[in-house]
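# Examination of the molecular architecture
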Amino acid sequence: MSSAAPRTTGQDHLWSVDEHLEDILATVRPLEPIELQLLDAQGCVLVEDVTVPVSLPPFDNSSMDGYAVRVADVAGASEEFPAVLEVVGDVAAGQADLLHVGPGQAARIMTGAPLPPGAETVVPVEWTDGGLGEGPVSGMRARALAPEGAAGQVRVYRPAEARAHVRAKGSDVRAGDRALEAGTVLGPPQIALLAAIGRGTVRVRPRPRVVVLSTGSELVQPGEELGSGQIYDSNSFALTAAARDAGAIAYRVGAVADDAETLRSTIEDQLIRADLLVTTGGVSVGAYDVVKEALSHVGDEDEPGSGVEFRKLAMQPGKPQGFGSIGPDHTPLLALPGNPVSSYVSFELFVRPAIRTLMGLTDVHRPRRRATLRADRALTSPKGRRQFLRGAYADGAVTPVGGSGSHLVAALAQADALIVVPEDVESVEPGAEVEVVLLG
């Protein structure tokens, strides 16, 4: 991660949403690659192409439980005139020493077992009498219960074409093929493929470690008793969950009281486990906005290039924002406002892209769509501010959810999109086309 770029704008400069985001993404750099065990690499981004060392499947094998036979031996077989073949034994999955199937012979074969030499096709057990001589069967009897089933005779009631029910060697991927491209996010199917081709470790960019910290002497941990003038701390839970949803390993720190020294000490203690720090609250212009007080002069002469700048953005909600770096490793820090909706909207616009940049992803933003506004009345927006309203999106249309207040958590829980009203628009009529940011 590079150090923060020198700040040249003054405190009175009104930043646009795009300027603030560009500054963040110009500062944050992808984490250095590391080699991880497969399960530890889940959710991480590959930094190199993975080539297949061995074909999948590595040998011709059966896709059915049944009998491995020669095509000519079952040609013309029917229930009235079945083909009667000598059963020479079993071929099980993982078996190394294979039987040879000659003319007039069959080998009982299990799903996944190698096609034995001499055999050309597989007849499903349901097309046979299972060696019991009593007409078609629905399945094989377990070898432990009927070892004699691997010998004797079997009647086949239907013909089979060459290589029917046979998975050909290399039919999934061939040796030398590219299995996964650099930039792939490793989910369960990708982990399965890596394991299937024999890869025990893989080189990836690790999931970023994000520490979320809320401030405010009024905040109480959920589950505890509320006192006079107190509220439950929801922001740290929302942002920690959002960071995990973005792909990070997120740590939630309990709410810190409105004391600058305590906050500064807490942040310094968290640096050891943080690739990104996120605070919420204390960034406005009040007498108790301690994040601003604690971090405005962090860095300075001891850590050149670090420091946190507090800004006003031309947006609603989320006007007050802070961004910079802190500590000897210049760990990026984003300071978000404390109102729940302001905090969450700010996370989606600024923190999520930063997390996904740390991961090494190229597409770091939520998807955007054009949608028809479904509303009872026109939406109003302050001039010169880009407004983000909560909405419910479906079938190319979006409906506002709740009001514009930045404290309305219940409305936020009902929304799956943000309606974007540009800076130069003060009113949006029902039926107009608007841009939406999809949150789901």
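Check the entry above for the structure.
Please read all numbers here as calculations on a predicted model, not as lab measurements. (Residues numbered from 1 in each chain as written. Predicted model: local features only at pLDDT ≥ 70, side-chain atom pairs only at ≥ 80, totals over all residues. Heavy atoms only, no water.)

## Digging into the packing of aromatic side chains
- If you walk through the whole model with that rule in mind, you get zero aromatic pairs.
- In this structure, Arg273 packs its charged tip against the face of Tyr251, placed 4.4 Å from the ring centre. (Phe/Tyr/Trp six-rings, centres within 6.5 Å; stacked < 30°, edge-to-face > 60°. Lys NZ or Arg CZ within 6 Å of the ring centre and 35° of its normal.)

## Details of the sheet that holds strand β1 (residues 14-15)
- In space, the seven strands of this open sheet follow the order β1-β19-β21-β22-β18-β14-β17, with mixed pairing throughout. Strand pairing shows two members of the sheet lacking a second neighbour, β1 and β17 (249-256), which therefore form its edges.
- Note: strand β18 (residues 276-280) against strand β22 (residues 331-336), four bridges, orientation parallel. Looking across to β22, one finds that Val278 is bridged to Leu334.
- Here helix α4 (residues 235-246) sits on the sheet and contacts β14 (209-215), β17, β18 and β22; the angle it forms with β17, its principal contact strand, is near 170°.
- Its contacts with the sheet place helix α7 (residues 340-358) against β14, β18, β19 (307-313), β21 (320-326) and β22, and it is angled at close to 165° to β22. (Pairing = 2+ DSSP bridges. Helix = DSSP H or I, 4+ residues; strand = E, 2+ residues; numbered from the N terminus. Contact = heavy atoms within 4.5 Å. Axes fitted to C-alpha atoms, helices over the stretch in contact; angles between N-to-C directions.)

## Examining the side chain of Arg366
- Inspection of the secondary structure assignment puts Arg366 in the loop between α7 and β23 (368-373).
- The class for Arg366 is buried, based on a relative accessible area of 12%.
- Reaching out from Arg366, the side chain makes a polar contact with the side chain of Asp245 at a distance of 3.3 Å.
- A distance of 3.0 Å separates a polar side-chain atom of Arg366 from the backbone oxygen of Leu439.
- Dropping the residues within four chain positions of it, Arg366 is found in contact with Asp245, Glu348, Arg352, Val437, Leu438, Leu439 and Gly440. (Buried < 20%, exposed > 50% of the residue type's maximum accessible area, 1.4 Å probe, protein only. Polar contact = N/O pair within 3.5 Å; in protein donor to acceptor, adjacent residues only side chain to side chain.)

## A few points about the sheet that holds strand β3 (residues 45-46)
- Taken in spatial order, the three strands of this open sheet run β2-β13-β3, and their pairing is antiparallel. The outermost strands of the open sheet, each flanked by one partner alone, are β2 (34-37) and β3.
- Both β2 and strand β13 (residues 201-205) contribute to a ladder of four bridges, which runs antiparallel. Counted as the bridge partner of Leu36 is Val202 from β13.

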